[in-house]
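Residue-level structure breakdown
Residue-level listing of the chains:
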Amino acid sequence: MTLEAFYAKIGGNSADVLRRLPSEAMVRKFIGKYPADTSWGSLESAINSQDWEAAFRAAHTLKGVAQNLGFQKLYLSSAALTEALRGPKPLTDPALREAVAMDQAALLTAIQELEDSHHSTEKT
C-alpha cells in the first residue's frame with residue numbers, strides 16, 4: 001500500500017503531511033509508532049472512571065497527534081469529543097466516544113495493512 005493509498009483510506013492527505021514532515025520515510029516511521037501511543041487507552045480509562053479532567057486531556061492529546069500525522073477522520077472525531085469534554089464536563093453524548101473508537105479501530109487496521117504491504121515488498 002502506498003502512503004497516498006493509506007491516507008485516502010483514512011480520510012487524510014499525504015501531500016499535507018509531507019509538507020510538515022521532511023520525508024516519506026519519516027512519515028512512515030511515525031505512522032508505525034502510532035499503535036504504541038497511549039492516548040486512546042488513557043481516554044478510555046478516564047471515561048470509564050468518569051475522570052472528566054483526565055478524559056479531556058487524553059482527548060486533546062489524541063486530537064493533536066491525529067492532526068499532526070494527518071489522521072483526518074480521527075482528528076475530527078477526537079476534536080468533537082474534546083470540545084464536549086472541555087471544562088472539563090461529563091460526557092453526555094456517548095456517540096462521540098463511539099465515533100472516536102470507530103475511527104481509532106479503522107486507523108489501526110489501515111496502519112497494519114500499510115505495515116504488512118511494506119514488509120511484503122521488502123521481501124521481494
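Above this text is the structure in question.
What you see is a predicted model, and the numbers here were worked out from it, not measured in a lab. All residue numbers refer to position in the chain's written sequence, counted from 1. Confidence filtering applies because this is a predicted model: local features only for residues at pLDDT of at least 70, side-chain atom pairs given and counted only at 80 or more, and all residues used for totals across whole chains, interfaces and linings. The side-chain figures draw on all heavy atoms in the structure; neither hydrogens nor water molecules are used.

**Quick notes on the overall build of the protein chain**
Runs of H or I in DSSP of at least four residues are treated as helices and runs of E of at least two as strands, each being numbered from the N terminus. A tally of regular secondary structure across the protein chain gives seven helices and zero strands. Scanning the protein chain from its N terminus toward the C terminus, one meets helices and strands in the order α-α-α-α-α-α-α. We compute the radius of gyration over the C-alpha atoms and compare it with the globule rule, which gives 2.2 Å times the number of residues raised to the power 0.38. For 124 residues, the compact-globule estimate of 2.2 N^0.38 gives 14 Å, and the protein chain sits close to it at 15 Å. Counting only C-alpha atoms and orienting by the principal axes, one finds that the protein chain spans roughly 50 × 25 × 20 Å. Relative accessibility thresholds used throughout: buried, under 20% of the residue-type maximum; exposed, over 50%; partly exposed, between the two (1.4 Å probe, protein chains only). Burial statistics for the protein chain: of 124 residues in total, 38% are counted as buried. Across the protein chain, contacts joining residues at least 24 apart in sequence account for 65% of those joining residues at least 6 apart. With residues, only the protein chains shown are counted as cover, and all accessible areas are computed by Shrake-Rupley using a 1.4 Å probe. With an accessible surface of roughly 6,800 Å², the protein chain has 54% of that area assigned to carbon and sulfur atoms. Residues are treated as being in contact if the distance between any of their heavy atoms lies within 4.5 Å.

**As for the nonpolar core**
If you look at the biggest cluster of nonpolar residues, it comprises 33 residues, and the most contacted ones within it are F6, Y7, I31, L43, F71 and L85. At the level of secondary structure, the elements contributing two or more residues to this core comprise α1 (3-9), α3 (24-33), α4 (39-48), α5 (52-69), α6 (72-85) and α7 (94-123). With nine residues, α5 is the largest single contributor of residues to this core. Once you skip the residues sitting within four places of it in the chain, F6 turns out to touch M1, I31, F71, L107, A110, I111 and L114. We define the nonpolar core as a collection of buried residues of types Ala, Val, Leu, Ile, Met, Phe, Trp, Tyr and Cys that are connected through side-chain atoms lying within 4.5 Å of one another.

**Observations concerning the pattern of salt bridges**
Note on pairing: side chains with opposite charge can pair once their charged atoms come close. Basic side-chain nitrogens of Lys or Arg form a salt bridge, by our definition, when they fall within 4 Å of a carboxyl oxygen of Asp or Glu. Applying the stated rule across the entire model yields seven salt bridges. Measuring nitrogen to oxygen at the nearest pair gives 2.4 Å for the salt bridge that ties E113 to K9. Taken together, the residues span a long stretch of sequence, with E113 in helix α7 and K9 in helix α1 at a distance of 104 residues. Assessed through its relative accessible area of 42%, K9 is described here as partly exposed. With a shortest N-O distance of 2.5 Å, E98 and R97 are connected by a salt bridge. With a relative accessible area of 41%, E98 lands in the partly exposed category. Overlapping salt bridges, with partners in common, bring together E44, R97 and E98 in one network.

**Brief notes about the packing of aromatic side chains**
Two numbers describe a pair of aromatic rings. These are the distance of the centres and the angle of the planes. Between 30 and 60 degrees the pair is tilted, below 30 it is stacked and above 60 it is edge-to-face, where a pair is any two Phe, Tyr or Trp rings, Trp via its six-membered ring, whose centres lie within 6.5 Å. Using the criterion set out here, one finds four aromatic pairs in the structure. Judged by centre distance (5.1 Å) and plane angle (85°), the ring pair of F6 and Y7 falls under edge-to-face. Between Y34 and F71, the ring centres sit 5.3 Å apart and the planes meet at 80°, which makes this aromatic pair edge-to-face. Of this pair, Y34 sits in the loop between α3 and α4 while F71 sits in the loop between α5 and α6, and the two are 37 residues apart along the sequence. For Y34, a relative accessible area of 3% translates into the label buried. Through a chain of ring-to-ring contacts, the aromatic side chains of F6, Y7, Y34 and F71 assemble into a single cluster.

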